[in-house]
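Listed here are the chains, written in short residue letters.
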Amino acid sequence: MHPLTQLERGLAQLDAQHLRRRRRIVDTPCTPHIKADGKPTLAFASNDYLGLAAHPAVVAALIEGARRYGAGSGASHLISGHSRAHAQLEEALAEFMAPHLVEPRALYFCTGYMANLATISALAGKDAEVFSEALNHASLIDGARLSRANVKVYPHGDVAALAALLEASQAETKLIVTDGVFSMDGDIGPLPALLALAEKHCAWLIVDDAHGFGVLGENGRGVFEHFAMRSPNLVIIGTLGKAAGVGGAFVAAHATVIEWLVNRARPYIFTTAAAPAQAHALLTSLALIRGDEGRARRTHLQALIAQLRDSLDLQHWQHIASPTAVQPVILGENAAALHAAAGLAEAGLWVPAIRPPTVPAGTSRLRISLSAAHTAGDVATLASAVNRLDRDWTGTRHG
Ligand SMILES: *Cc1c(COP(=O)(O)O)cnc(C)c1O
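Reading the values: rules and limits
Per-chain numbering applies: the sequence of each chain, read as written, is numbered from 1 onward. Whole-chain, interface and lining totals are the exception, using all residues; otherwise, since this is a predicted model, local features are given only for residues with pLDDT of at least 70 and side-chain atom pairs are given and counted only at 80 or more. The side-chain values count all of the structure's non-hydrogen atoms but skip hydrogen atoms and water molecules. Being near a molecule or strand, for a residue, means having at least one of its heavy atoms within 4 Å of it. Polar contacts, as used here, are pairs of N or O atoms within 3.5 Å; protein pairs need one atom able to donate a hydrogen and one able to accept it. Residues neighboring in sequence count only if both atoms are side-chain atoms. Residue-level accessible areas treat just the shown protein chains as cover; the underlying method is Shrake-Rupley with a 1.4 Å probe. For this scheme, ten residues count as nonpolar: Ala, Val, Leu, Ile, Met, Phe, Trp, Tyr, Cys and Pro. Four count as charged, namely Asp, Glu, Lys and Arg, and the remainder, Gly too, count as polar. In this description a helix means any DSSP run of H or I spanning at least four residues, a strand means any run of E spanning at least two, and both kinds are numbered starting from the N terminus. One less than the residue count of a helix, multiplied by 1.5 Å, gives the span that helix is expected to have. A contact between two residues is defined here by any heavy atoms of the two lying within 4.5 Å. When the centres of two rings from Phe, Tyr and Trp lie within 6.5 Å, Trp using its six-membered ring, the rings pair. Their planes under 30 degrees apart give stacked, over 60 give edge-to-face, and anything left gives tilted. Over a ring means this: the NZ of a Lys or the CZ of an Arg is within 6 Å of the ring centre and within 35 degrees of the ring normal. A pair of strands is labelled paired if DSSP reports no fewer than 2 bridges between them. Inter-axis angles, ranging from 0 to 180 degrees, are taken between N-to-C directions of lines fitted to C-alpha atoms, where helices are fitted over the stretch in contact. By convention here, the domain bounds are inherited from an automatic or database domain assignment. Accessible area, probed at 1.4 Å, shrinks when two parts are joined; the buried area is that loss added up over both. Salt bridge, as applied in this entry: a Lys or Arg side-chain nitrogen positioned within 4 Å of an Asp or Glu carboxyl oxygen. The term nonpolar core refers to a set of buried residues drawn from Ala, Val, Leu, Ile, Met, Phe, Trp, Tyr and Cys, joined through side-chain atoms within 4.5 Å. The buried label goes to any residue with under 20% of its type's maximum accessible area, the exposed label to any with over 50%, and the partly exposed label to all in between, with areas taken from a 1.4 Å probe on protein chains only. Only four residue types enter the charge count: Lys and Arg as positive, Asp and Glu as negative, with His and the chain ends excluded. UniProt positions are given in the numbering used here, feature names are shortened, and annotations may be inferred rather than shown by experiment. Within this scheme a cavity is a closed region of a 1 Å grid, computed over the protein atoms alone, that accommodates a 1.4 Å probe without allowing it to escape, whereas a pocket is open but has protein on both sides within 12 Å along at least five of seven lines; lining residues each have an atom within 4 Å of a point.

### Comments concerning the site of the ligand
Not every one of the 14 residues close to the ligand is listed here, only the nearest: Gly 112, Tyr 113, Asp 208, His 211 and Lys 242. Within the contact set of the ligand, an oxygen atom lies 2.9 Å away from a backbone nitrogen or oxygen of Tyr 113. Summarising the interface, the protein chains cover 82% of the accessible area of the ligand, which totals 380 Å² for the free molecule. Its residues assigned to classes, the shell around the ligand shows two nonpolar, nine polar and three charged.

Laid out in structure tokens, this is it:
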């Protein structure tokens, strides 16, 4: 069979399972009121949780960064691409996350996906054991695969199961790997219990707080601040394309961990550094996150989360009210989630339908994501549209 025919059959199979992915084209900056595929749309789809992606101060800093440093870095960090802007951002991030670490240092990455590949593969050799939470993000799973370590998956939130696996482990190097806030459920992992296990078993606790950074904690330091955690065993990963509104990611940990990554992490070493302008813009994002404006945005976001919880009134679907900006409504079947998302799109609303492999089979859902850029009126519009679709729901064949 020609390899093209193989692909065509594969795509036809995705269609049959309602798993085909399509992209919409957005003509406007990332705000709640956008133009998508030419139509005005109220979006609950981005991870721009604080509304910084189009913030005038951040945009101005990106422009200023480009004037100062040019468009591109020109090389990897270890050759000649490590600019003053990258260094300043790393210092600011290390200082910001210092309450949670011992001898803190931070490392900036082009993307969170690469930060996760780099961290897990560099800390876990092939003789290591990686204890991976069942609902971990794909990039953590891929990092464990890249490491060629022995991977043990423990059930979602199951501290006792993890403890039993650690007790049984003979490995010299152990890594516990988890999302801080789970990306598709919005719930917060049992991190203090995980940290106690990590310290007891001389293991690393690697926490990817892509959805908590900027959102949780009085100052926006995420799940670590939420739980007031501090440990030399802690390896913090935060992404900077979500609440921080720009792009890239960071690892913050003991200085020795960072020195090891700089020397050994292939996804860090063998890639061109992100544009220095991006790092320059992130200095402004970080100042906003940790300042009064960030605090006010987090307070507003929490009010919207409470409003959504109080105003959704569902008979057929299940809203999982989470304490974070990620608010899933579970429908189950892939076709049902697509059908519901299409119904919302007809009403001018964009809520993505999330299907396997992003979530487990049978748990396809609408993933509502709230942002401090939304208004109470935006959330009221969404809640009444979701309530109406749910009330009139007769399954996927109808309509
Ligand atoms: C988005 C996300 C990533 C990837 O980060 P990027 O910067 O988008 O590559 C990693 N982990 C989690 C939990 C995420 O949600």
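From this point, the discussion proceeds with the structure in view.
### Here we look at helix α13 (residues 292-311)
An α-helix turns once per 3.6 residues; consequently, residues spaced three or four apart project the same way. When the terminal C-alpha atoms of α13 are compared, their 29 Å separation across 20 residues agrees well with the 28 Å that a helix rising 1.5 Å per residue should span. Those residues of α13 that are buried are in contact with α12 (276-290), β10 (318-319), β11 (326-332), β14 (364-369) and α15 (376-391).

### Some remarks on the packing of aromatic side chains
The final tally for this structure, using the stated rule, is four aromatic pairs. Ring geometry for Trp 317 and Trp 393: centres 5.1 Å apart, planes at 80°, overall edge-to-face. A residue pair is termed long-range when its members are at least 10 positions apart, and Trp 317 in the loop between α13 and β10 and Trp 393 in the segment after α15 qualify at 76 residues. Of the aromatic side chains, those joined through ring pairs into one cluster are Phe 96, Phe 213 and Phe 250. One Lys or Arg, Arg 24, reaches over the ring of Trp 350 and ends 4.4 Å from the middle of that ring.

### Re helix α1 (residues 3-16)
A rise of 1.5 Å per residue sets the reference length of α1, with its 14 residues, at 20 Å; its end C-alpha atoms lie 20 Å apart and thus fit the reference within 8%. Just downstream of α1, His 18 is the residue with a positive phi angle, here 60°.

### Let's talk about the sheet that holds strand β5 (residues 150-154)
Strand order in the open sheet formed by seven strands is β3-β9-β8-β7-β6-β4-β5, and the pairing between neighbours is mixed. Either end of the sheet is taken by a strand with one partner, and the two such strands are β3 (104-109) and β5. Going across the sheet, the axis of each strand differs from the next one's by a mean of 20°, ignoring polarity. In this sheet, strand β8 (residues 234-239) lies alongside strand β7 (residues 204-208) in parallel orientation, the contact comprising four bridges. Looking across to β8, one finds that Val 207 is bridged to Ile 236. Lying over the sheet, helix α7 (residues 159-168) contacts β4 (129-133), β5 and β6 (174-179), oriented at roughly 155° with respect to β5.

### Here we look at the domain arrangement of the chain
Domain annotation for the chain reports domain 1 (21-50 + 292-393) and domain 2 (57-290). Taking only C-alpha atoms into account, the centre of domain 1 sits 27 Å from that of domain 2. Opposite the 21 residues of domain 1 that make contact, domain 2 presents 22 residues. Interface of domain 1 and domain 2: buried area, both sides summed, is about 1,700 Å²; carbon and sulfur atoms make up 57% of it. Our enumeration of links across domain 1 and domain 2 arrives at two salt bridges. For Arg 295, the salt bridge goes to Glu 218, with nearest N and O atoms at 3.5 Å. Joining domain 1 to domain 2, the criterion identifies 15 residue pairs in polar contact (both at pLDDT 80 or more).

### Section: the environment of Ala 244
Inspection of the secondary structure assignment puts Ala 244 in the loop between β8 and β9 (249-254). It is 6.3 Å that separates the C-alpha atoms of Ala 244 and Leu 52, two residues lying 192 residues apart in sequence. With residues up to four places along the chain from it excluded, the contact list for Ala 244 reads Leu 52, Leu 282, Ser 285 and Ile 289.

### So, the nonpolar core
Grouped together as the largest cluster of nonpolar side chains are 81 residues, with contacts concentrated most on Phe 44, Met 97, Ile 176, Leu 205, Phe 213, Leu 366 and Leu 370. Looking at this core element by element, the count peaks at seven residues for helix α4 (residues 84-97). Taken domain by domain, this core gets at least three of its residues from each of domain 1 (21-50 + 292-393) and domain 2 (57-290). The contacts of Ile 176, once residues within four sequence positions are left out, are Phe 131, Tyr 154, Leu 162, Leu 166, Leu 194, Leu 197, Ala 198, Ala 203, Trp 204, Leu 205 and Ile 206. In this structure, Leu 123, Val 177, Ala 249 and Val 262 belong to the second largest nonpolar core, which totals 28 residues.

### Some thoughts on the side chain of Asp 48
Tracing the sequence through the fold places Asp 48 in the loop between β2 (39-43) and α2 (56-69). Despite being buried, Asp 48 has no salt bridge partner; Arg 297 is the closest side chain of opposite charge, sitting 7.1 Å away. Not counting the four nearest positions on each side in its chain, Asp 48 is found in contact with Cys 30, Ala 53, Lys 242, Gly 245 and Ser 371.

### A closer look at the UniProt feature "binding site: pyridoxal 5'-phosphate" (unreviewed entry) in the chain
Per the UniProt record, the feature "binding site: pyridoxal 5'-phosphate" (unreviewed entry) sits at Gly 112, Tyr 113, Ser 183, His 211 and Thr 239. A maximum C-alpha distance of 13.7 Å is found for the annotated residues, which run over 128 residues; spatially they form one tight group. Set against the largest pocket, the annotated residues that line it come down to Ser 183 and His 211. Its location among the elements puts Tyr 113 in helix α5 (residues 112-123). On the basis of relative accessible area, Tyr 113 is assigned to the partly exposed category, the value being 40%. Contact partners of Tyr 113, with chain neighbours within four places excluded, come to Ser 139 and Asp 142. One can find Ser 183 in the loop between β6 and α8 (191-200). Residue Ser 183 is classed as buried on the basis of its relative accessible area of 5%.

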